[in-house]
Amino acid sequence: MSTPTPSLSQTHIVPLVLQSQNALQEGEQLCSKANELSTASAQASVEVLILDAKVRWITDNVLEQLKLAASVAKSIEDKRTKLNKQVQDWDNLRTTQTKALDRILDELGSQRVPPEFHQTSAASSIFGSQNSEDEQQASTRQVNGIVPLSHSPSDTILVSKRKPQTDRKNWKTLRDFVDDQAIEDIFESMEEEHTVVEDILSRTDEYSEKLNTAICSIREYLPEDMPVPSIERFISSQDSAQVGMASHLESLAAHFDQMGNALRECQAGDAFSDDDIQDMNRDTEELPSIISELEENLHSITTTHEHLCQIRDANQEHLRQLEHVLDELDELGGIMTGMLQTQEIVESECEDHFTEMQRHLLTVEDLQQRFISYQTAFRKLILEIARRRLYKEAAENIVRGMMDQLTAMTEEERKVREHFNHEHGAHLPEDLCLCISNLPTRWEILPWDGEPLESLPDIPADMVNEARSYVHRTEAPVVANALTNGTESL
């Protein structure tokens, strides 16, 4: 080692020592700050993991509850669809039954009724008489005896007949004997029941939509499904930075020790060569780069710490949001409970009304069958009246023949008796066999036990033929054959 002037060496070494000391102090401060941040980051990491677990647990539970709410919405909609289908099916049946009833009523409207069928009877229909006032008055006069039936034998042959009405346009139809108002009342009752059910179903019209809207709103308010933060990566990054900073700090400490030793040696009288001074200067000039690297490592640690704090703060904000979500979910649960109770009430009320609506359908179907039977019975009535007329005419022919025969026999007997009395009566004592002068008994044939004479309405032949054709078309072959055998004389 050369021996330069001591004062010159000391002059160069002192600033270097001061720079080294400042660098060490600054490095220590940076490392201390980094250590504080690392400790805070470790705590933040724990908080991040805890908060993330809470957020995920609450979010998963909320999603499960939302799935349950969605199933409730679907259940309500399915039940509404089922009820609406029942209403639609009933409406289709009502349309079918109503059209069928209208068809039979139209057929009744095309079936003319001879006036004598209803002008001689006060009760013309199972649905109530709709006779006009004139017809009712005429019927009353007959009942009161203004048009009494005679018991004369000639009445069994000669029966007064109304003048036939050739214009059938003015004839009543079977429809005139139907109580249209009662049918309209049934239709009105059906429509009222339908309206009531529609009003009941309308209570839950918006339930599914409201539930789905609320579910979507809550789901949108949930925090996004973020991947689990890599805490290990963050800690590893910080550890690497700390290790680097520790290494740099050791370099700064070693350099400061070297410079301190050099200063003490210089103060002790030792001198340093120019090469030594240059080495010291070169090492001192590297101090800023070391401090820069320490600052970079501190910045990395700070960035990691800030990132962890951001994640922690974000999870805390998510927890606050989830508290609001849980409140909304509780409110939604109460709403769903009310909706389910209302849906049960709607189903119960609808079932009650469905029973009544079905009863109306059965009433319409029964009316249809009654009118079909009514129409069939009327046509068979025509055949029965025609058959009875044949019977009546046959009986009258028998009575007429008996009356003619009895009259002829009585007249012949009278002549024989007059001839006997003329030839032999004068020769017999007057008090002998007084009955010999009696005339033969005269006879009359009257209805049994004073019963009134049967009066049958006149039926045009074409109506009889039409009724017979209908009966043959509609009845089974066996029944039709039996009817043919019983009415072949018609």
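Residues numbered from 1 in each chain as written. Predicted model: local features only at pLDDT ≥ 70, side-chain atom pairs only at ≥ 80, totals over all residues. Heavy atoms only, no water.

Here's the deal with the packing of aromatic side chains
Link 1 in the chain: What the rule picks out here adds up to one aromatic pair.
Link 2 in the chain: Against the face of Tyr470 rests Arg379, its NZ or CZ located 3.8 Å from the ring centre. (Phe/Tyr/Trp six-rings, centres within 6.5 Å; stacked < 30°, edge-to-face > 60°. Lys NZ or Arg CZ within 6 Å of the ring centre and 35° of its normal.)

A look at the confidence of the model for the protein
Detailed conclusions should not be drawn from predicted coordinates in areas where pLDDT is low.
Link 1 in the chain: Here the protein averages 79 in pLDDT, and 79% of its residues register 70 or above.
Link 2 in the chain: The secondary-structure element of the protein with the lowest mean pLDDT is helix α3 (residues 133-143), recorded at 41, while helix α4 (residues 180-201) shows the highest, at 93.
Link 3 in the chain: With pLDDT under 50 throughout, residues 477-484 is counted as low confidence; its partners more than four residues away or in other chains account for six contacts. (pLDDT = per-residue confidence, 0-100. Helix = DSSP H or I, 4+ residues; strand = E, 2+ residues; numbered from the N terminus. Contact = heavy atoms within 4.5 Å.)

A look at the state of the cysteines
Link 1 in the chain: Summed over the entire model, instances satisfying the criterion amount to zero disulfides.
Link 2 in the chain: Just so you know, Cys435 is unpaired, no disulfide at all, and the nearest cysteine sulfur is the one on Cys433, 3.7 Å from it. (Disulfide = S-S within 2.5 Å.)

Some remarks on the packing of helix α8 (residues 287-424) against helix α9 (residues 461-474)
In a packed pair of helices, the relevant descriptors are the angle between the two axes and the axis-to-axis distance.
Link 1 in the chain: In the contact formed by α8 and α9, the axes pass within 9 Å of each other and the chain directions differ by 125°. Here α9 runs oblique to α8, going by the angle between their axes. The crossing of α8 and α9 is left-handed. Packed against α8, whose contacting residues are Gln375, Thr376, Arg379, Lys380, Ile382, Leu383 and Ala386, the element α9 presents Met463, Val464, Glu466, Ala467, Arg468, Tyr470 and Val471 at the interface. (Axes fitted to C-alpha atoms, helices over the stretch in contact; angles between N-to-C directions. Parallel < 35°, antiparallel > 145°, perpendicular 65-115°, else oblique. Left-handed = near helix turned anticlockwise from the far one by under 90°.)

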